[in-house]
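If you want the building blocks of each chain, they are given just below.
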Amino acid sequence: MAFRDRFDSIEEFNDWLLGFYEERIIQFMDGMGEFTENGTMISPTLIKSTMERYITLLEEKYVIDRKLS
């Protein structure tokens, strides 16, 4: 599925991506020691890297929002 088929704008995609990372963080926190659907073990390292990526995306979103206002 192409980007344009699913999202009307880059902002809509960015909001979806933030939601995706939020869901993963919650899933990973609840499943420590288990495996993801792709066979990756849920570890503190996986949670940390997921949180770091989420924070980066969040910071980018709010820097852009401040520039637009």
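All chains use their own residue numbering, which begins from 1 and follows the written sequence. For a predicted model such as this one, the threshold for reporting local features is a pLDDT of at least 70, and the threshold for listing and counting side-chain atom pairs is 80 or more; totals across whole chains, interfaces and linings nevertheless cover every residue. Just so you know, side-chain values use all the structure's heavy atoms and leave hydrogens and water out.

## Quick look at the pattern of salt bridges
- Within this document, salt bridges are pairs made up of a side-chain nitrogen of Lys or Arg and a carboxyl oxygen of Asp or Glu, the two lying within 4 Å of each other. Evaluation of the coordinates by the stated rule reveals 3 salt bridges.
- Glutamate 37 is paired through a salt bridge with arginine 24; the nearest N and O atoms lie 3.7 Å apart. Taken as a pair, glutamate 37 in the loop between α2 (10–30) and α3 (44–68) and arginine 24 in helix α2 lie far apart in primary sequence, 13 residues in all.
- Relative accessible area decides the class of each residue, using a 1.4 Å probe on protein chains only: under 20% of the type maximum gives buried, over 50% gives exposed, and in between gives partly exposed. For glutamate 37, a relative accessible area of 56% gives the class exposed. A run of H or I in DSSP counts as a helix once it spans at least four residues, and a run of E counts as a strand once it spans at least two, with each numbered from the N terminus.

## Regarding a nonpolar patch on the surface
- Only residues whose relative accessible area exceeds 30% and that take part in no salt bridge are eligible for patches, with like-charged residues grouped when within 9 Å of each other and nonpolar side chains (Val, Leu, Ile, Met, Phe, Trp, Tyr) grouped when within 5 Å. Note on areas: these come from Shrake-Rupley sampling with a 1.4 Å probe, and a residue is covered only by the protein chains present in the view. Where nonpolar side chains cluster on the molecular surface, the patch consists of Met29, Met51 and Ile55 and spans about 270 Å² of accessible area.
- Here methionine 51 shows up in helix α3.
- Methionine 51 gets classed as partly exposed once you look at its relative accessible area, which sits at 32%.

## Things to note about the packing of aromatic side chains
- Pairing of aromatic rings covers Phe, Tyr and the six-membered ring of Trp, with a centre-to-centre limit of 6.5 Å; geometry is then stacked below 30 degrees between planes, edge-to-face above 60, and tilted otherwise. Per the stated rule, a full pass over the model turns up 5 aromatic pairs.
- Judged by centre distance (5.8 Å) and plane angle (55°), the rings of phenylalanine 7 and tryptophan 16 are tilted.
- Overall, phenylalanine 7 belongs to the buried group, its relative accessible area being 9%.
- The exposure class assigned to tryptophan 16 is partly exposed, which follows from its relative accessible area of 34%.
- Aromatic side chains phenylalanine 20 and tyrosine 21 sit 5.6 Å apart centroid to centroid with 90° between the ring planes, which places their arrangement in the edge-to-face category.
- Under the relative-accessibility criterion, tyrosine 21 is labelled buried at 19%.
- Within the aromatic cluster, the residues linked to one another by ring pairs are Phe7, Phe13, Trp16, Phe20 and Tyr21.
- Note on criteria: charge over ring means Lys NZ or Arg CZ within 6 Å of the ring centre, with the direction from the centre no more than 35 degrees off the ring normal. Positioned above the aromatic ring of tyrosine 62 is the side chain of lysine 61, whose terminal nitrogen or guanidinium carbon lies 5.8 Å from the ring centre.

By themselves, these observations are geometric and do not establish any function.
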